[in-house]
Amino acid sequence: KDIEYIRSYYFNKLEFTRFSSSVGKYVGFTERGVKIAADWNKDASDLSVMKAQKEVYCLNHIQIEYSNML
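Definitions and cut-offs
- Residues numbered from 1 in each chain as written.
- Predicted model: local features only at pLDDT ≥ 70, side-chain atom pairs only at ≥ 80, totals over all residues.
- Heavy atoms only, no water.
- Buried < 20%, exposed > 50% of the residue type's maximum accessible area, 1.4 Å probe, protein only.
- Helix = DSSP H or I, 4+ residues; strand = E, 2+ residues; numbered from the N terminus.
- Pairing = 2+ DSSP bridges.
- Salt bridge = Lys/Arg side-chain N within 4 Å of Asp/Glu carboxyl O.
- Phe/Tyr/Trp six-rings, centres within 6.5 Å; stacked < 30°, edge-to-face > 60°.
- Polar contact = N/O pair within 3.5 Å; in protein donor to acceptor, adjacent residues only side chain to side chain.
- Contact = heavy atoms within 4.5 Å.

- Under an unreviewed UniProt entry, the name given to the protein is MHC class II beta receptor, and the organism recorded is Gasterosteus aculeatus.

Set out below in structure tokens:
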């Protein structure tokens, strides 16, 4: 429950859009990023793929990463 998958998109070192598994959709941070996020959020198949990434990347590897930190 405490794990969050985030995929950020940058242009010129400025984050313009981000997918967050806790929100479950793309969020824009600039004027252009808001428009891009709105377009990406219309694609239900892409959203379901991104939501599944939490399980693929985070939940399957958390024990390994946690063990390495200790």
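We are not done yet, so read on.
**Concerning the pairing of strand S2 (residues 14–20)**
Stage number 1. Buried residues dominate S2, accounting for five of its seven residues.
Stage number 2. Inspection of the sheet shows strand S1 (residues 6–11) paired to S2 by six bridges, in the antiparallel sense. Its bridge partner being in S2, Arg-7 is matched across the sheet by Phe-19.
Stage number 3. Hairpin remark: S1 followed by S2, antiparallel, with two residues in the connecting loop; positive phi at Asn-12, about 55 degrees.
Stage number 4. Relative to strand S3 (residues 25–28), S2 runs antiparallel, the two sharing four bridges. Bridge assignment links Phe-19 to a residue of S3, and that residue is Tyr-26.

**Points about the pattern of salt bridges**
Stage number 1. Evaluated as defined, the whole model comprises two salt bridges.
Stage number 2. Arg-18 is the partner of Glu-15 in a salt bridge, and the nearest nitrogen-oxygen pair spans 2.8 Å.
Stage number 3. Asp-39 is paired through a salt bridge with Lys-42; the nearest N and O atoms lie 3.8 Å apart.
Stage number 4. Note on Lys-42: relative accessible area 67%, which makes it exposed.

**With respect to the packing of aromatic side chains**
Stage number 1. Within this structure, the stated rule accounts for four aromatic pairs.
Stage number 2. Relative to Tyr-26, the ring of Tyr-9 lies with its centre 6.4 Å away and its plane at 50 degrees, an arrangement referred to as tilted. Placement of Tyr-9 in strand S1 and of Tyr-26 in strand S3 is noted, with a sequence separation of 17 residues between them.
Stage number 3. Judged by relative accessible area, which is 22%, Tyr-9 ranks as partly exposed.
Stage number 4. Seen from their ring centres, Tyr-9 and Trp-40 are 5.0 Å apart, and the 65 degrees between their planes marks the pair as edge-to-face. With a gap of 31 residues between them, Tyr-9 in strand S1 and Trp-40 in helix H1 (residues 31–41) connect regions that are remote in the sequence.

**Some details on the side chain of Ser-20**
Stage number 1. Locating Ser-20 in the fold gives a position in strand S2.
Stage number 2. The buried category is assigned to Ser-20, whose relative accessible area is 6%.
Stage number 3. At 3.0 Å, the side chain of Ser-20 and the side chain of Ser-22 are in polar contact.
Stage number 4. Ignoring sequence-local partners within four residues, the contact set of Ser-20 consists of Glu-4, Tyr-5, Ile-6 and Lys-25.

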